[in-house]
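A closer look at the structure
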Amino acid sequence: MVKRKLILNAKKIDKFINNFLNNQKRSLLVQPMKYGVISGGKKIRSTIILDVGKFFKINEKKLLNICAAVECIHSYSLIHDDLPCMDNDSLRRGKPSTHKKFGEASAVLAGSSLLTLAFEIISDKKYSIHSKMKNEIIKSLASCSGHTGIAGGQDLDLKFENKKKNFSQIINMQKKKTGKLFNFCLFAVGVIANKSQKEKFFLGSLGEDIGLLFQLADDFLDKKGSKKLLGKAVKKDSKKGKSTIINLIGYEKAYLYAQNLKKKILRKIKKHGKKANDLANTIDFILERKF
Ligand code: GRG
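Thresholds applied
Residues numbered from 1 in each chain as written. Predicted model: local features only at pLDDT ≥ 70, side-chain atom pairs only at ≥ 80, totals over all residues. Heavy atoms only, no water. Helix = DSSP H or I, 4+ residues; strand = E, 2+ residues; numbered from the N terminus. Rg over C-alpha atoms; globule rule 2.2 N^0.38 Å. Buried < 20%, exposed > 50% of the residue type's maximum accessible area, 1.4 Å probe, protein only. Contact = heavy atoms within 4.5 Å. Areas by Shrake-Rupley, 256 points an atom, 1.4 Å probe, with all protein chains shown as cover. Lys, Arg positive; Asp, Glu negative; His and termini not counted. Charge placed at Lys NZ, Arg CZ, Asp CG, Glu CD. Near = heavy atom within 4 Å. Polar contact = N/O pair within 3.5 Å; in protein donor to acceptor, adjacent residues only side chain to side chain. Nonpolar A, V, L, I, M, F, W, Y, C, P; charged D, E, K, R; others polar. Core = buried A, V, L, I, M, F, W, Y, C linked by side-chain atoms within 4.5 Å. Axes fitted to C-alpha atoms, helices over the stretch in contact; angles between N-to-C directions. Parallel < 35°, antiparallel > 145°, perpendicular 65-115°, else oblique. 1 Å grid on protein atoms, 1.4 Å probe; cavity = no way out; pocket = protein on both sides within 12 Å on 5 of 7 lines; lining within 4 Å. Points joined across faces, edges and corners; volume = space filled by probe spheres on them. Disulfide = S-S within 2.5 Å. Expected span 1.5 Å × (residues − 1). Bend = angle between axes of the 7 residues up to and from the residue.

Overview of the overall build of the protein
A count of helices and strands for the protein gives 15 helices and two strands. For 291 residues, the compact-globule formula gives about 19 Å, and the C-alpha radius of gyration of the protein, at 18 Å, lands near that figure. Overall, the C-alpha framework of the protein stretches about 50 × 50 × 35 Å when taken along its three principal axes. Looking at the protein residue by residue over its 291 residues, the buried ones come to 54%. When contacts within the protein are restricted to residue pairs at least 6 apart in sequence, long-range pairs at least 24 apart make up 74% of them. Accessible surface for the protein amounts to roughly 13900 Å². Of this, 54% is attributable to carbon and sulfur atoms. Averaged over its 59 positive side-chain charges, the protein has a centre that lies 4 Å from the centre of its 26 negative ones.

And the structure:
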């Protein structure tokens, strides 16, 4: 059921990004950009945005720009993550990574162009939400992506390799590297729903917990998952000496921690009753997924 929803949402978002790029002037970077962002990837962040939109009965059309922008930032981060100077991976989404296909320089530039495209998509004049909301969304997307978010988390992830780091240092790093973009996803829906500052921050921190759960599941799959289903290399974390919760406390205890985190997330969305069913199913999928 969740798999079907993911496929449907991915089609919508791919179409949106494709149209957006086709309406811009052409450049040689469009091909590697499309390669990196369209036709591939679960688009789980978009699905979470659309699931949370249901809490507040938001018209899906109002959320598509946010979904597309998030997928651009996410794919950008993966293109750069795969570069030889970062995690040096040659397989992504079952295909050669962008730098393997187009060369390093084009991959760096296509990634950077996806980053800026995200902000073009939100600030587009055809995106008809109040300008105050646009500003708030742009500010949050920028801070969740930069040194206080994904980029900062990635820096810690690389610096923690082959170092003895404690539980809270690893959780903090993973909350930045992966959690911050999920924080943005829920915060932005709160902005569109015109929620109070308190509610928006509550949503943001719930998003961060969902992102942490997603990262823990990613670590479990690195250890026990299939390269074929994941479309990327496995068993890299221990080879690279990555600081993960599994490497610190072992698989069983790490899985127990993740199960408790999942329960905590489900408790927090209970107040939305049936309107939270879609998100609850996506949360279950996150921990049990095979891809
Ligand atoms: C974004 C400003 C900015 C900088 C980039 C390279 C980098 C800094 C960050 C990399 C962060 C990273 C690789 C986090 C891991 C997150 C993660 C679990 C990715 C896998 O996500 P999926 O499974 O991928 O959703 P698909 O392929 O399904 O889209």
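On we go from here.
Some words on the site of the ligand
Lining the immediate surroundings of the ligand are 21 residues, of which Lys42, Arg45, His74, Arg93 and Ser145 lie closest. Contact between the ligand and Lys42: an oxygen atom at 2.6 Å from a side-chain N or O atom of the residue. The side chain of Arg45 places a nitrogen or oxygen atom 2.7 Å from an oxygen atom of the ligand. Of all the secondary structure elements, the ones that give two or more residues to the shell around the ligand are helix H3 (44–53), helix H4 (64–81), helix H8 (150–159), helix H9 (167–192) and helix H10 (197–224). Its residues assigned to classes, the shell around the ligand shows seven nonpolar, eight polar and six charged.

Some words on the nonpolar core
Ile48, Val52, Ile66, Ile137 and Ile210 are the most contacted members of the largest nonpolar core, which totals 82 residues. Those residues in contact with Ile137, other than ones at most four positions away along the chain, are Ile66, Ile122, Ile129, Phe184, Ala188, Val191 and Ile192.

Let's talk about the environment of Ser97
Tracing the sequence through the fold places Ser97 in the loop between strand S2 (95–96) and helix H5 (98–102). Each C-alpha atom, one on Ser97 and one on Lys232, is 9.3 Å from the other, the two residues being 135 residues apart in sequence. Ignoring anything within four residues of it in the chain, the contact list for Ser97 reads Tyr35, Asp82, Asp89, Ser90, Leu91 and Arg92.

What about the packing of H10 against helix H15 (residues 277–288)?
Helix-helix packing is described using two parameters, namely the angle between the two axes and the distance between the axes. H15 packs onto H10 with a crossing angle of 30° between their chain directions and a minimal axis gap of 8 Å. Relative to H15, H10 is oriented roughly parallel. Across the interface between the two elements, Ile210, Leu213, Phe214, Ala217 and Phe220 of H10 pack against Leu279, Ile283, Ile286 and Leu287 of H15. In the contact of H10 with H15, the residues fall into nine nonpolar, no polar and no charged.

Side note on empty space enclosed by the protein
Applying the stated criterion across every chain, the model contains one cavity of 30 Å³ or more. Taken as a whole, the largest cavity encloses approximately 70 Å³ of empty space. Every residue along the wall of the largest cavity is listed here: Tyr35, Gly36, Leu78, Ile79, Asp82, Arg92, Arg93, Lys95, Pro96, Ser97 and Thr98. The set of elements that each furnish at least two residues to the lining of the largest cavity consists of helix H2 (30–37), H4 and S2. Here the lining of the largest cavity is built from residues that sort into four nonpolar, three polar and four charged.

Topic: the state of the cysteines
Two cysteines form a disulfide when their sulfur atoms are joined by a covalent bond. For the structure on display, the rule yields zero disulfides. Cys67 takes part in no disulfide bond, and the closest cysteine sulfur, belonging to Cys185, lies 7.8 Å away. Left unpaired, Cys144 is separated from the closest cysteine sulfur, that of Cys185, by 8.8 Å.

Considering the environment of Ala10
Tracing the backbone shows Ala10 in helix H1 (residues 2–22). With relative accessibility at 12%, the residue Ala10 sits in the buried group. In the structure, Ala10 is positioned 162 residues away from Asn172 in sequence and 29 Å away in space, judged by C-alpha atoms.

Observations regarding H9
With 26 residues, H9 ought to run about 38 Å at 1.5 Å a step, and its terminal C-alpha atoms sit 35 Å apart, in line with that. Its axis deflected by about 55° at Gly179, H9 carries its strongest bend there. Burial analysis of H9 places 20 of its 26 residues in the buried class, which makes it a mostly covered element. For H9, the N-terminal capping position is held by Asn166, with its side-chain oxygen 3.2 Å away from the main-chain nitrogen of Ser168. Where H9 ends, the next residue or the one after it, Asn194, has phi of about 60°, a positive value.

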